[in-house]
Amino acid sequence: MQNLPDHLEHVISARSMQSLWDMHCAAMAQFGFTRLFFGMAIGRSRTSLGSRDDFLLLCTYHPEYIDAFINEGLYLHAPMVRWASTHYGATSWAWLHDSYDRLSPEEQRVVDFNKTFDLTAGYTVSFTEAGARGTAGIALLPDAGVTQAEADAIWARHSREILLINRVMYLKVLTLPFPNARKPLTNRQREALEWVGEGKTTQDISVIMGLTPATVEKHLRLARRALDVETTAQAVLKASLQNQIFRISA
């Protein structure tokens, strides 16, 4: 890739998820990977990826594909999603074709569904920095009609650069507010949660913010509702994971 240092500097300076994504798509297109699907779940448990409302999805695929893949639950049986949630690094999609007969019927359905959108060749990258509560990965696909052998040849020549660019992009994602947060927190809700995260009591916060304790409780209650959690502790955790609190304004 030409001007890799310049690109990485622009990525580090990105102030919104959309500008970051646009830069990343342009960078990957230089290598021939023109169709991208990034996904991150921040509420993973041992048995689930968490609520779909808490996913961060950035994608260049057709909206019809996303609607079915996410809203109809196909992602729950997608072999590459399963791989990304249990492995780190990168893998070629060649193994999907080689092991098709050994996949479950539900997994085969996802592979067949992908074929209807010409999503048959590419690579999946999973990120080690997602942590115990999260999982994140990106699918990198070339134009329709490009074979897996051709995609493998691109990877053989440029894998080090591609992995570096994707990892820096992901590290930047971790610093930016979620663009699809269910309901963004107000400034007052954000401030109240930050003080709770600092260990302050409701009485302490009321003095600091110049509000009555009842008003502080109201802001915390509305923050819990916006974040769809039951406790204030959960609200602090989730808002922090979504980069809605403890962040420097652009």
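If you're wondering where the values come from, they're calculated on a predicted model, not measured in any experiment.

What to know about a positive patch on the surface
So, step 1. Among the surface-exposed residues, Lys183, Lys218, Arg221 and Arg225 lie close enough to one another that they form a single positively charged patch.
So, step 2. Mapped onto the elements, Lys183 comes out in the loop between helix 7 (148–173) and helix 8 (187–197).

Things to note about the sheet that holds strand 3 (residues 89–92)
So, step 1. Strand order in the open sheet formed by five strands is 2-1-5-4-3, and the pairing between neighbours is antiparallel. Every other strand in the sheet has two partners, leaving strand 2 (55–59) and strand 3 as the edge strands with one partner each. Neighbouring strand axes in the sheet, compared pairwise and without regard to direction, differ in orientation by 15° on average.
So, step 2. Two elements, strand 1 (residues 33–41) and strand 5 (residues 135–142), share eight bridges in a ladder whose sense is antiparallel. When the bridges of strand 5 are listed, Phe37 appears paired with Ala139.

With respect to the confidence of the model for the chain
So, step 1. Confidence along the chain averages 89 in pLDDT terms, with 90% of residues attaining 70 or more.
So, step 2. By mean pLDDT, the top-scoring element of the chain is strand 4 (residues 123–126) (97), and the lowest-scoring one is helix 11 (residues 232–241) (86).

A closer look at helix 4 (residues 79–86)
So, step 1. When helix 4 is considered as a whole, its buried residues turn out to be Pro79, Met80, Trp83 and Ala84. One side of helix 4 carries all its buried residues, which in axial view fall inside an arc of 130°.

Here's the deal with the packing of aromatic side chains
So, step 1. In the structure shown here, the tally under the stated rule is twelve aromatic pairs.
So, step 2. A centroid spacing of 5.1 Å and a plane angle of 25° characterise the contact between Tyr65 and Phe113, whose relative ring orientation is stacked. Of this pair, Tyr65 sits in helix 3 (residues 63–71) while Phe113 sits in helix 6 (residues 105–116); the two residues are 48 residues apart in sequence, bridging distant segments of the chain. Like Phe113, Tyr65 is buried.
So, step 3. Taking 4.2 Å as the distance between ring centres and 5° as the angle between the ring planes, the aromatic pair formed by Tyr123 and Trp155 counts as stacked. Highlighted residues: Tyr123 in strand 4 and Trp155 in helix 7, separated in sequence by 32 residues.

What about the environment of Pro79?
So, step 1. Note on placement: Pro79 falls in helix 4.
So, step 2. Here Pro79 falls in the buried class, since its relative accessible area comes to 3%.
So, step 3. Separated by 14 residues in the primary sequence, Pro79 and Trp93 place their C-alpha atoms 9.9 Å from one another.
So, step 4. Discounting residues that sit within four places of it in the chain, Pro79 has contacts with Trp95, Leu96, Leu103, Glu107, Val110 and Val111.

Comments concerning the pairing of strand 4
So, step 1. Of the two faces of strand 4, the one holding Tyr123 and Val125 and the one holding Thr124 and Ser126 are both buried throughout.
So, step 2. Here strand 3 runs beside strand 4; their pairing, made up of four bridges, is antiparallel. For Ala90, the partnering residue across the bridge sits in strand 4 and is Val125.
So, step 3. Two strands pair when backbone bridges link them, and strand 4 and strand 5 are joined in this way by four bridges, in the antiparallel orientation. The residue of strand 5 that forms the bridge with Tyr123 is Leu140.

Things to note about the pattern of salt bridges
Two side chains that carry opposite charge are able to pair once their charged atoms sit near each other.
So, step 1. Following the criterion strictly, the structure yields two salt bridges and no others.
So, step 2. Its salt-bridge partner being Glu107, residue Arg82 comes within 2.8 Å of it at the nearest N-O pair. Of this pair, Arg82 sits in helix 4 while Glu107 sits in helix 6, placing them 25 residues apart in sequence.
So, step 3. Exposure remark for Arg82: the relative accessible area of 40% places this residue in the partly exposed category.
So, step 4. Between Glu191 and Arg188 there is a salt bridge; the shortest N-O distance is 3.8 Å. Within this pair, Glu191 and its partner Arg188 are both found in helix 8, separated by three residues, close to a single helical turn.

Here is what the cut-offs are and how they apply
- Residues numbered from 1 in each chain as written.
- Predicted model: local features only at pLDDT ≥ 70, side-chain atom pairs only at ≥ 80, totals over all residues.
- Heavy atoms only, no water.
- Patch = residues over 30% accessible without salt bridge, like charges linked within 9 Å, V, L, I, M, F, W, Y side chains within 5 Å.
- Areas by Shrake-Rupley, 256 points an atom, 1.4 Å probe, with all protein chains shown as cover.
- Salt bridge = Lys/Arg side-chain N within 4 Å of Asp/Glu carboxyl O.
- Lys, Arg positive; Asp, Glu negative; His and termini not counted.
- Charge placed at Lys NZ, Arg CZ, Asp CG, Glu CD.
- Helix = DSSP H or I, 4+ residues; strand = E, 2+ residues; numbered from the N terminus.
- Pairing = 2+ DSSP bridges.
- Axes fitted to C-alpha atoms, helices over the stretch in contact; angles between N-to-C directions.
- pLDDT = per-residue confidence, 0-100.
- Buried < 20%, exposed > 50% of the residue type's maximum accessible area, 1.4 Å probe, protein only.
- Arc of directions from axis to C-beta.
- Phe/Tyr/Trp six-rings, centres within 6.5 Å; stacked < 30°, edge-to-face > 60°.
- Contact = heavy atoms within 4.5 Å.

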